[in-house]
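An overview of the molecular structure
Chain by chain, the residues run as shown.
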Amino acid sequence: MKCRRCKEPAQVALPSHNTAFCPDCFFLFYLRQIERAVKDHAMLVPEDRVLVALSGGKDSLALMVALAELGYDVTGLHISLGIPGSSDEARRIVTEFCAQRGFALEIVDTPALGLAIPEVKARLRRPICAVCGKIKRHYFNLAAIEGGYSVLATGHNLDDETARLFANTIRWDPDYLAGQGPSLPAAGGFPRKVKPLYRLGEYENACFAFLKGLTYATTPCPYSQGASFTGHKALLETLELRSPGAKIAFYDGFLARGRPAFEARCAAASRPLVPCARCGAPTNESPCGVCRIRALLAETPDAV
Amino acid sequence: MITVVREPEGREQTFEHVHTVHKLLNKLGARPGAVLVIRGAELLTQDRRIEDGELIIVRKVRSSG
Ligand code: SF4
Ligand SMILES: [Zn+2]
Ligand SMILES: [Zn+2]
């Protein structure tokens, strides 16, 4: 297989785009997909101070490298969750990555805030990933607000986004469908949130991370069974195999023709945000959900 | 004989008479877009030849958690 652009041996084959690239031409392709996402959805302007959520996985590290190469002012944010077996590795990888490449890094340590995920899991009878996701979003928001960042970028990729859209669609969840997208404007005290990798699949991100020599975390979270829509991803993969390009068409079509209808429907019903009396985060109801979980854990240390 | 290391598990396997990436992936039951096929610093597309004595890393692309 030859690179479509320069005819050197290809290293990355992309059936969804009916093409293949050598490493250098693949880097160009990769950055162009990000530039297109940024432009189509008004994600970033050159003056932005961008806080990049770094989990230590391939997507977030690739995102950081790519945004820096595109000239954006980026700072990393890592949320350390206290999960045995995966959190220490993730933290070490993110710390080394930022040190080696000269990126500024902020770390939020949730166990120090009374929110070690294993304890949260033991005390709450709710699916841990939903709660963990809420806690991470909460501290992303707070760090962005407190640090004066104009935008928060996450490494969600095309597979994450289409799987979530598919899940929201088969449940016909109007609120989630109204709120899903690669760029959410700043609102009610929350920073703007963007997903510049939304046009790039996991395979493209893994290729980019490998070819850029990135060491990324691969130890799965011990609670990850059923997380990140594994089953939905497999179904969409089958669809993509039969008709290459189906995933991006599904997602772009939703943004152009589906979401506006749900937005119009939900705008009327949305509740105003107020600052949480305890932590200041914007919330529908004070104290916010995370402050309520913290209080619960602090009050009932031995409860199960 | 080629040696294959599966990642992230770290499991090692050896194969005789497997001389293209395409054949290797078929043996492993892996879809091309689901794994990186790594030889040294290089990624191998499905049509590439692999030779006896080579070490190939087959790294799962999907992250979890
Ligand atoms: S898999 Fe679930 S519990 Fe583990 S880090 Fe992800 S969201 Fe949190
Ligand atoms: Zn090329
Ligand atoms: Zn709060």
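Relevant structure appears above.
Quantities reported herein were computed from a predicted structural model and do not represent experimental measurements.

1. As for the overall build of chain B
Check the secondary structure of chain B and you find one helix and five strands. Sequence-ordered secondary structure for chain B, helices as α and strands as β, is β-β-α-β-β-β. Viewed in the frame of its principal axes, chain B has a C-alpha envelope of about 35 × 25 × 20 Å. Here chain B holds 65 residues, and the buried ones make up 42% of them. The contacts of chain B with a sequence gap of at least 6 include a subset with a gap of at least 24, amounting to 48%. Accessible surface, chain B: about 3,400 Å² in total, of which carbon and sulfur atoms supply 49%. Charged side chains in chain B number 11 positive and 9 negative. The centres of these two groups are separated by 8 Å.

2. Brief notes about a positive patch on the surface
All names here are of chain A. Where like charges cluster on the molecular surface, the positive patch consists of Arg 126, Lys 134, Arg 137, Arg 164 and Arg 292. Following the sequence through the fold, Lys 134 ends up in helix H5 (residues 128–147). On the basis of relative accessibility, which here comes to 32%, the residue Lys 134 falls in the partly exposed class.

3. Some points on the interface of chain B and chain A
On the chain A side, the residues contacting the 20 residues of chain B number 25 residues. Interface of chain B and chain A: buried area, both sides summed, is about 1,800 Å²; carbon and sulfur atoms make up 58% of it. Interface area lost by chain B to chain A is led by Arg31(B), Leu43(B) and Arg62(B), which between them contribute 31%. One salt bridge connects Arg31(B) with Glu237(A), and the closest N-O pair in it is separated by 3.6 Å. Every element with two or more residues in the side of chain B that touches chain A is listed here: strand S3 (35–39) and strand S4 (42–43) of chain B. If one sorts the elements of the side of chain B that touches chain A by residue count, S3(B) sits on top with three residues.

4. Thoughts on the packing of aromatic side chains
Residue and element names in this part refer to chain A. Evaluated as defined, the whole model comprises eight aromatic pairs over all chains. Taking the centre distance of 6.2 Å and the plane angle of 25° together, the rings of Phe 26 and Phe 29 count as stacked. Here Phe 26 and its partner Phe 29 are both found in helix H1 (residues 23–40), three residues apart, which amounts to about one turn of the helix. For the pair Phe 26 and Phe 29, a shared accessibility class is recorded, and that class is buried. When the centroid spacing of 5.9 Å and the interplanar angle of 55° are considered together, the rings of Phe 26 and Tyr 30 count as tilted.

5. A look at the pairing of strand S1 (residues 2–7) of chain B
All names here are of chain B. Across the six residues that make up S1, a large majority, five, are buried. In terms of strand pairing, S1 meets strand S2 (residues 12–15) through four bridges, oriented antiparallel. Along S2, the bridge assignment pairs Thr 3 with Thr 14. Once S1 ends, the chain turns through four residues before running back antiparallel as S2, passing Gly 10 with a positive phi of about 85°.

6. Points about the layout of surface pockets
Estimated volume of the second largest pocket: approximately 750 Å³. Looking at the second largest pocket, it is lined by 41 residues, and the ones nearest its centre are Ala13(A), Pro15(A), Tyr203(A), Arg31(B) and Gly33(B). Contributions of two or more residues to the lining of the second largest pocket are made by strand S1 (12–14), strand S2 (19–21), helix H6 (158–170), helix H8 (202–211), helix H9 (230–242) and helix H10 (246–267) of chain A together with helix H1 (21–28) and S3 of chain B. When the residues that make up the lining of the second largest pocket are grouped by side-chain class, the tally is 21 nonpolar, ten polar and ten charged.

Procedures and definitions
Residues numbered from 1 in each chain as written. Chains lettered and ligands numbered in written order. Predicted model: local features only at pLDDT ≥ 70, side-chain atom pairs only at ≥ 80, totals over all residues. Heavy atoms only, no water. Helix = DSSP H or I, 4+ residues; strand = E, 2+ residues; numbered from the N terminus. Buried < 20%, exposed > 50% of the residue type's maximum accessible area, 1.4 Å probe, protein only. Contact = heavy atoms within 4.5 Å. Areas by Shrake-Rupley, 256 points an atom, 1.4 Å probe, with all protein chains shown as cover. Lys, Arg positive; Asp, Glu negative; His and termini not counted. Charge placed at Lys NZ, Arg CZ, Asp CG, Glu CD. Patch = residues over 30% accessible without salt bridge, like charges linked within 9 Å, V, L, I, M, F, W, Y side chains within 5 Å. Salt bridge = Lys/Arg side-chain N within 4 Å of Asp/Glu carboxyl O. Buried area = accessible area lost by both parts, 1.4 Å probe. Phe/Tyr/Trp six-rings, centres within 6.5 Å; stacked < 30°, edge-to-face > 60°. Pairing = 2+ DSSP bridges. 1 Å grid on protein atoms, 1.4 Å probe; cavity = no way out; pocket = protein on both sides within 12 Å on 5 of 7 lines; lining within 4 Å. Points joined across faces, edges and corners; volume = space filled by probe spheres on them. Nonpolar A, V, L, I, M, F, W, Y, C, P; charged D, E, K, R; others polar.

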